[in-house]
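Structural overview for review
Listed here are the chains, written in short residue letters.
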Amino acid sequence: MKISYLGHSTFLVSVSGQGLLFDPFISPNERAQHVRIEEIRPQVILVSHAHQDHTADVEQIAKASGATVVSNFEIVNAFLERGVANGIPMNHGGTVRFDWGTVKMVNAVHTSSFPEGGYGGNPAGFVVSTEEGTFYYAGDTALTYDMKLIGEAGRIDFAMLPIGDHFTMGIDDALIAADFVNTNRILAMHYDTFPPIEVDRADCEKKARAKGKELVFLEIGEAREF
Ligand code: NI
Ligand code: MN
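The following refers to the structure shown. Because the structure is predicted, anything quoted here is derived from the model rather than measured. (Residues numbered from 1 in each chain as written. Chains lettered and ligands numbered in written order. Predicted model: local features only at pLDDT ≥ 70, side-chain atom pairs only at ≥ 80, totals over all residues. Heavy atoms only, no water.)

Now for helix 2 (residues 58–65). Of all the positions in helix 2, only Val58, Ile61 and Ala62 are classed as buried. The arc that holds the buried residues of helix 2, viewed along the axis, is 100 degrees, so those residues lie on one side. Where helix 2 is buried, its residues contact strand 3 (18–22), strand 4 (44–46), helix 1 (52–55), strand 5 (68–72) and helix 3 (73–81). Trailing helix 2 by a residue or two, Gly66 shows a phi angle of about 75 degrees, which is positive. (Buried < 20%, exposed > 50% of the residue type's maximum accessible area, 1.4 Å probe, protein only. Helix = DSSP H or I, 4+ residues; strand = E, 2+ residues; numbered from the N terminus. Arc of directions from axis to C-beta. Contact = heavy atoms within 4.5 Å.)

To continue, consider the sheet that holds strand 7 (residues 95–98). If you trace the 7 strands from one edge of the open sheet to the other, you get 7-8-9-10-11-12-13, paired in mixed fashion. Every other strand in the sheet has two partners, leaving strand 7 and strand 13 (214–216) as the edge strands with one partner each. Strand-to-strand twist in this sheet, taken as the mean axis angle between neighbours without regard to direction, amounts to 20 degrees. The sheet contact formed by strand 9 (residues 124–130) and strand 10 (residues 133–137) spans 5 bridges and is antiparallel. Bridge pairing in strand 10 links Ser129 to Thr134. Along the sheet, helix 5 (residues 171–180) contacts strand 11 (158–162), strand 12 (185–189) and strand 13; its crossing angle with strand 11, the most-contacted strand, is approximately 155 degrees. (Pairing = 2+ DSSP bridges. Axes fitted to C-alpha atoms, helices over the stretch in contact; angles between N-to-C directions.)

In structure tokens, the structure reads:
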């Protein structure tokens, strides 16, 4: 599958003929101004929680593309009320089956209010399974023992994990999270966008190597096969 990094925690995953967009936060991201948002035409937009740095461009992209928003009940309903046509509300522990694969909503330890203060349900991560592989998108989360359940349930080829600390786990806990979900390949997210989450990449890579993990930093706008 091809994965494009669009900054912060935003990824566009092209798999089995589908475009899966995660947590679009592009137009307000000063580091992602070269990303052409009008060219992003996903079939599905997965939203981990309601915070602005994960939902800012959901409405615009969903309306322009007709994409289906997959998230918790509260977030999907909020976007339907704003005129987004298609949504699949789900909740923790549930799996939604598509003709290209499955999406399971898993736990995240975080919060989930909308920027305006509205209730955004509970934060989540996703386990996405397709014929081309299975990956875990953690969303914003602390390290939690619940991640062990993901590792025990089946093979995880790679995991998108927040490493920026302060609002989520940092690199040390992210490396433990990779152990918990039983993968050696991590795509870094939720770092460098704002001063409190700036990281020393070389230091993070050194820590990852010491634990036998591959830590991938994609440049914003870069796409790579996984
Ligand atoms: Ni958040
Ligand atoms: Mn965040």
